[in-house]
Amino acid sequence: MTAVNSRPPAKGTVLNFALNAEDISASVDKIIAEAKATFDAVAAQTKPTFESVIAPLATRENKRSAEYAVITFLQNVSTDKSVRDASTEAEEKLDAFEIESMMREDLYKVVHAVYENKKELEALDDEDRRLVKKLELQFQRSGLALASDKRERLGEIRKRLSELGIKFSRNVNENDGRKTFTREELAGLPDSFFEGRETEVVDGVEKFVVTTKYPDMVPVMELAHHETTRQQLAVANEQRCPENVPLMQEAIGLRLEAARLLGYKTHAEYVLVEKMADSPKSVMDFEEDLRSKLNVLAKRELKEFEERKRADKSVLGKPYEGLYTWDFRYYANQIKERKHKISSEEVKQYFPMKQVTRGILDVYQSMLGLRFVKVADPPVWHPDVEMYEVWEAHEDVFVGHFYLDLFPRDAKYNHAAVWPIRPGYAKPDGTHEFPVAAMVANFPKPTPSAPALMTHDDAVTLLHELGHVFHSICSQTKWARFHGTQTEGDFVEAPSQMLENWGWEPSVLRRFAVHHSSGEPIPEDLVKRLVAAKNEGAGLFNLRQVFFGLFDMAIHDTADGKVDAKAIYNQLRQDVSLFKNGSDDTWGMATFGHMMGGYDAGYYGYLWSEVFSADMYASRFLKEGVNNPKTGMDYRREILRPGGSRDASVSLHRFLGRDPNNKAFLKSIGLDAE
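So, here's what we can say about the structure. (Residues numbered from 1 in each chain as written. Predicted model: local features only at pLDDT ≥ 70, side-chain atom pairs only at ≥ 80, totals over all residues. Heavy atoms only, no water.)

Each helix and strand counted, the chain has 26 helices and nine strands in total. Relative to its length of 674 residues, the chain is compact, with a C-alpha radius of gyration of 25 Å against a globular reference of 26 Å. With respect to the principal axes defined by its C-alpha atoms, the chain has extents near 85 × 60 × 55 Å. Burial status across the chain gives 58% buried among its 674 residues. (Helix = DSSP H or I, 4+ residues; strand = E, 2+ residues; numbered from the N terminus. Rg over C-alpha atoms; globule rule 2.2 N^0.38 Å. Buried < 20%, exposed > 50% of the residue type's maximum accessible area, 1.4 Å probe, protein only.)

At their nearest, the axes of helix H23 (residues 605–624) and helix H24 (residues 629–640) sit 9 Å apart, and the two run at 150° to each other. Judged by the inter-axis angle, H23 sits roughly antiparallel to H24. Note on element contacts: H24 touches H23 through Lys 630, Thr 631, Gly 632, Asp 634, Tyr 635 and Ile 639, opposite Met 616, Arg 620, Phe 621 and Glu 624. Grouping the amino acids of the contact of H23 with H24 by side-chain chemistry returns four nonpolar, two polar and four charged. (Axes fitted to C-alpha atoms, helices over the stretch in contact; angles between N-to-C directions. Parallel < 35°, antiparallel > 145°, perpendicular 65-115°, else oblique. Contact = heavy atoms within 4.5 Å. Nonpolar A, V, L, I, M, F, W, Y, C, P; charged D, E, K, R; others polar.)

Moving on, we get to the side chain of Lys 313. In this structure, Lys 313 sits in helix H13 (residues 280–316). Setting aside its immediate chain neighbours within four residues, Lys 313 contacts Glu 227, Lys 318, Pro 319 and Tyr 320.

What follows covers the environment of Phe 181. With respect to the helices and strands, the residue Phe 181 is situated in strand E2 (residues 178–181). Residue Phe 181 is classed as buried on the basis of its relative accessible area of 1%. The sequence separation of Phe 181 and Leu 640 amounts to 459 residues, and the corresponding C-alpha distance is 47 Å. Those residues within four positions of Phe 181 in sequence are excluded, and the remaining contacts are Leu 186, Lys 207, Phe 208, Val 210, Thr 229, Gln 232 and Leu 233.

In this structure the tally under the stated criterion is 60 salt bridges. The residue Glu 61 makes a salt bridge to Arg 481 at a minimum N-O spacing of 2.6 Å. Of the two residues, Glu 61 is situated in helix H2 (residues 50–73) and Arg 481 in the loop between helix H17 (456–474) and helix H18 (494–499); the sequence distance between them amounts to 420 residues. Given the relative accessible area of 18%, Glu 61 is considered buried. (Salt bridge = Lys/Arg side-chain N within 4 Å of Asp/Glu carboxyl O.)

Strand order across the open sheet formed by three strands is E2-E4-E3, with antiparallel pairing between neighbours. Only two strands of the sheet have a single neighbouring strand rather than two, namely E2 and strand E3 (199–202). Each adjacent strand pair in this sheet contributes to an overall mean axis angle of 40°, direction not counted. Inspection of the sheet shows E2 paired to strand E4 (residues 205–211) by four bridges, in the antiparallel sense. Pairing of Arg 178 across the sheet is with Thr 211, part of E4. Taken strand by strand, helix H10 (residues 227–238) contacts E2 and E4, and its axis lies near 165° from that of E2. (Pairing = 2+ DSSP bridges.)

To continue, consider the packing of H2 against helix H3 (residues 81–101). Running from amino to carboxyl end, H2 crosses H3 at an angle of 150°, the nearest separation of the two axes being 8 Å. Regarding the angle of H2 to H3, the classification is roughly antiparallel. Contacts from Arg 60, Arg 64, Tyr 68, Ile 71, Thr 72 and Phe 73 of H2 reach H3 at Ser 87, Ala 90, Glu 91, Leu 94, Asp 95 and Glu 98. Split by residue class, the contact of H2 with H3 holds five nonpolar, two polar and five charged.

For Cys 241, which is not glycine, the phi dihedral falls at a positive 50°. Of note in the backbone geometry, Leu 578 takes a positive phi value of approximately 75° without being a glycine. You can see Leu 578 is positioned in the loop between helix H22 (565–577) and H23.

Under the definition given, this model contains 42 aromatic pairs. The interplanar angle of 5° and the centroid separation of 5.1 Å between the aromatic rings of Phe 372 and Phe 470 together place this pair among those described as stacked. You can see Phe 372 sitting in strand E5 (residues 370–375) and its partner Phe 470 sitting in helix H17, a full 98 residues away along the chain. Here the aromatic rings of Tyr 635 and Phe 655 are separated by 5.9 Å at their centres, their planes lie at 70°, and the arrangement is edge-to-face. (Phe/Tyr/Trp six-rings, centres within 6.5 Å; stacked < 30°, edge-to-face > 60°.)

Let us now look at helix H21 (residues 538–556). Each α-helix winds once per 3.6 residues, and so residues spaced three or four apart point in a common direction. Taking 1.5 Å of rise per residue, 19 residues should cover 27 Å, and H21 covers 27 Å from first to last C-alpha, within 8% of that figure. Of all 19 residues in H21, 16 are buried; the element is thus mostly enclosed. (Expected span 1.5 Å × (residues − 1).)

Let us now look at the environment of Val 375. Along the chain, Val 375 falls in strand E5. A sequence separation of 241 residues divides Val 375 from Met 616, and the C-alpha atoms of the two residues are 33 Å apart.

What follows covers the nonpolar core. Within the largest apolar cluster, 137 residues are counted, with the highest numbers of intra-cluster contacts made by Phe 351, Phe 470, Trp 502, Phe 551 and Tyr 635. Ignoring anything within four residues of it in the chain, the contact list for Phe 551 reads Met 248, Ala 565, Ile 568, Tyr 569, Leu 572, Met 589, Phe 592 and Met 595. Counting 58 residues, the second-largest nonpolar core is a separate cluster that includes Ile 24, Leu 74, Phe 97 and Val 385. (Core = buried A, V, L, I, M, F, W, Y, C linked by side-chain atoms within 4.5 Å.)

With five of six residues buried, strand E8 (residues 417–422) lies mostly within the body of the structure. Examined bridge by bridge, E8 and strand E9 (residues 436–440) share four bridges and lie antiparallel to one another. Paired with Arg 422 across the two strands is Val 436, which belongs to E9.

Within the secondary structure layout, Asn 244 lies in helix H11 (residues 244–261). By relative accessible area, which is 0% here, Asn 244 ends up buried. Polar side-chain contacts of Asn 244 include one of 2.9 Å to the backbone oxygen of Ala 590. With near-sequence residues (within four places) excluded, Asn 244 lies in contact with Lys 167, Phe 168, Asn 171, Val 172 and Ala 590. (Polar contact = N/O pair within 3.5 Å; in protein donor to acceptor, adjacent residues only side chain to side chain.)

Turning to the environment of Ser 82, a few remarks are in order. For Ser 82, the position within the fold is in helix H3. C-alpha of Ser 82 to C-alpha of Lys 566: the two residues are 484 residues apart in sequence and 32 Å apart in space. Only 2.6 Å separates the side chain of Ser 82 from the side chain of Asp 80, close enough to count as a polar contact.

What follows is the structure, given as structure tokens:
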């Protein structure tokens, strides 16, 4: 699959991440100066046309995208605090400039003139016409129709919201929780968990350091037999970043104020105008209907959890006091082991990261008709990072490249996500800019006795995030604004969610799941048990997703803004997810990054888009074969290539041959469609 390349990456495609604080500051000044010159020239047009107004504005977006993305990306991955600080400051300054620019009356005047020229508008191609309409809407939503005092206030709000979001994210990245436990307190964890682990002597007793990073948190919550251990780590995680509580509260109030200035009753109403779900009612109907269906399934699952915990308490001679949030992963894992004889430790032995990554990249190569070449000694931001070139499989045609930054380290972004570093777009000379994407994750590192081993969930996460990578890589649009994942927010997860299904396909698993020491492929019986256990606890798991969506709407679909985010989070979680919070004072919403990172009034989209992903998978790939190259190329052509250059509903109809429905989705989570 991936031959190591000893030559430099393809000419003209390499980005420079080796920036210091001074470089970043200079880039910011250059971006702003060039933008001002463009904006002034456009605003001075006396006969506004698409070519004299819209094209220069969009060309500016094309050219600045990569430079902006690199300097703001570094705050998430750099080991140099001065670079992270400069990156954060750069994002604040650039965002403030963009907000000010979108409130320039002289710019809006010429854009609106083009929009009102219906004859020219109709003569444009579809993507150009869409561009004009999106720019007009963007200026309207920036308050250009408001009186000057209200417009000025809206600008102040937008700048402050940008600052709040950046501070919130920085706090989450740089403030991991940390606890120490004895070996006995961590009973249930495998020997590999302790290899190379930091220890401390506390009151004369050697203890192991456990953080709230995923590679520590997940195994402890799944495997630690002592409830107090799980409880202490869960509480430590939910008491992180208390400084973020007032930041979120302030953001909620400011979002509502901005929405009301623009004539909307709530922030959710404002956001949803541009989504597939076009109103808060549509979202709430979807969430409540799903909650009702899931409750039937979840309450059956809850009985098994209760029986198991009662039995554990009985053995210890302790009273049963209920199920708590820190019990979910543990008893879900226990039930899987008991009912399906699935041991996460056994499964992990067949998921060495090197082989799994290679195998999953093979899946994408075959499906999308691509060829990946790993670059030797790549110019990257950390030695752990790998860089790959992407070529057409059957032609000597370069497509783009991507980076994989998969291991945890201090002050690094602490979840899994993809940054579309450089969008593709059409150049004036008729060529196309090559897209670049970077995946950042926190998978377990190697230990002294074993290579890096992934859980099956990790492998599914890798499939999902690489779905975002190749949405960026395979997209081909005229304008950067529409490239790749720049789709409706409640569709953007669907392509990646669909690819998760490959992690449950026996024929696919056998291609890359091999024992890390013997090289033996994963036993067929283990694959069968793994697949059989797929929907174990699905009702409770998906209720947790419903909870996040309902919390989002509770704080954003309010007409008076008088909400206590911390109290709503804790109460809703208990009511919806069916697990108790416990008596400790916690503020889990303070690390709910989605609410401050662009998913406000949009979290419902994770489940909403599952409807589309399940339909695409069941109706095309499952029916025609998961390894069918024609289906893969249809998917690349109709779903990935258009990006946001057309409505997602059009792309779905083209791929499915009909409008989507929810039958496959309900079946996929263990429910029957009515």
